[in-house]
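# Inside the fold
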Amino acid sequence: MPVTEVDKIWMDGQLVDWKDAKVHVLTHALHYGSGVFEGIRAYETTQGPAVFRLSDHLRRLARSAHIYHMEIPFSQGELHGAVRDTIRANGLASCYIRPLVFRGYGEMGLNPLVAPVSVSIAVWKWGAYLGEDALDAGVRVKVSSWKRNDNNSLPPAAKGTGQYINSSLAKMEAVKAGYDEAVMLNVHGYVTDGSGENVFVVRDGALATPPLADGCLEGITRDSVMTIARDLGYDVLERSLTRTDLYEADEAFFTGTAAELTPIREVDDRVVGSGQRGGVTKEIQQMFFAAARGELERYRAWNEPVG
Ligand code: PPE
């Protein structure tokens, strides 16, 4: 998706002009994928822009860095402030936010421990991730022939930049075959997630989503949707899903910061349910957007105002 330029990007403690946010070609992360990142959204609320679950995203960033022995040279409080400063500096009412912690320039070779750690925070306007109609009409997905990176090869609990070439293989395969998105299985054949989204199915009025141990990311939208669904009275199970659980579902949908809550209307050319956004999906989607926009008192703690 094209990125629309804004004014400023935060780099290692300073706001620099968009065009000056550059790195050297010998940046360690460019060669070896030695970075970790987050994807966050800020929504327009009556109190101005509010970042959705910023603290939870920054905690996950810290966990990702911990897995890869990276010391982030800024405190959680400083990163919090930096995200807010970056949004304010660009005057955006809503946006996507991309913090990146990466091994920089100065050392080459496979030992990343000696390479310096840099941090950047970019923001831009990002609309519906899987296409303009996707939030209403849903998307067509393909179960990928590429397996999700295993817990003991590249841990899916970390949002490591290098890990995403695995997702990219699946995404390219799906797009080239005419689908909107891929669903990835783990090496044991159980569903993990989409290339950049968690997956849910609805059957007989109950929701199910893969457990973390099957190799999906601990999605913050996933957690929000599980909370909302339970508050609405639905049963929500974390259980292993096979590809046929997707075919047999009454409804299915993706969750993610970028994808928000996107219905899945077809899996491997099999229509899911009615082939349209299902009733449970719609109810939860509406609640999710209302919560993100600060309209629901119950979930107010999720809205972290830019101020
Ligand atoms: N699984 C994967 C593999 C994943 O990358 C994401 C986020 C999720 C699940 C959902 O997690 P959460 O955002 O916390 O609900 N993917 C990010 C990157 C997308 C991109 O194209 O880049 C995102 O949604 O920001």
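The numbers attached to residues start from 1 for each chain and follow its sequence in the written order. Restriction of local features to residues with pLDDT of at least 70 applies here, the model being predicted, together with a cutoff of 80 or more for giving and counting side-chain atom pairs; totals for whole chains, interfaces and linings are based on all residues. Processing note: side-chain calculations cover all non-hydrogen atoms of the structure and skip hydrogens and water entirely.

### A short note on the side chain of N149
Quick note on the threshold: Runs of E in the DSSP output that reach at least two residues are strands. Runs of H or I that reach at least four are helices, and both are numbered from the N terminus. For every residue, the accessible area (1.4 Å probe, protein chains only) is compared with the maximum for its type, and the residue is labelled buried under 20%, exposed over 50%, or partly exposed between those bounds. Polar contact criterion, stated in full: a pair of N or O atoms within 3.5 Å, where within protein one must be able to donate a hydrogen and the other to accept it, and residues adjacent in sequence count only if both atoms are side-chain atoms. In this description, contact between two residues means that some pair of their heavy atoms is separated by no more than 4.5 Å.
Tracing the sequence through the fold places N149 in the loop between β8 (139-143) and α5 (164-176). The exposure class of N149 is buried, given its relative accessible area of 10%. Of note is the side chain of N149, whose polar atom sits 2.6 Å from the backbone oxygen of L154. In this view, N149 contacts L154, P155, P156, Q163 and N166; residues no more than four positions away in its chain are not counted.

### Description of the domain arrangement of the protein chain
Accessible area lost upon the coming together of the parts is a frequently used measure of interface size. Put simply, the rule reads: In this entry, domain limits derive from an automatic or database-based domain assignment. Salt bridges are identified by distance alone: a Lys or Arg side-chain nitrogen within 4 Å of an Asp or Glu carboxyl oxygen. Ten residues, namely Ala, Val, Leu, Ile, Met, Phe, Trp, Tyr, Cys and Pro, are considered nonpolar, four, namely Asp, Glu, Lys and Arg, are considered charged, and the remaining ones, Gly among them, are considered polar.
You can read the domains of the protein chain as domain 1 (8-124) and domain 2 (134-292). Its C-alpha centre places domain 1 at a distance of 26 Å from the equivalent point of domain 2. Contacts between the two partners involve 22 residues from domain 1, matched on the other side by 22 residues from domain 2. Across the contact surface, domain 1 and domain 2 share 3 salt bridges. In this structure, R41 engages E260 in a salt bridge whose closest nitrogen and oxygen atoms are separated by 3.6 Å. For the pair domain 1 and domain 2, the number of links is 13 residue pairs in polar contact (both at pLDDT 80 or more). Listing elements by their share of the side of domain 1 that touches domain 2, those giving two or more residues are β3 (35-37), β4 (40-45), α2 (54-67) and β6 (95-103). Among the elements that take part in the side of domain 1 that touches domain 2, α2 stands out by supplying 6 residues, more than any other. A per-class count over the side of domain 1 that touches domain 2 returns 9 nonpolar, 7 polar and 6 charged.

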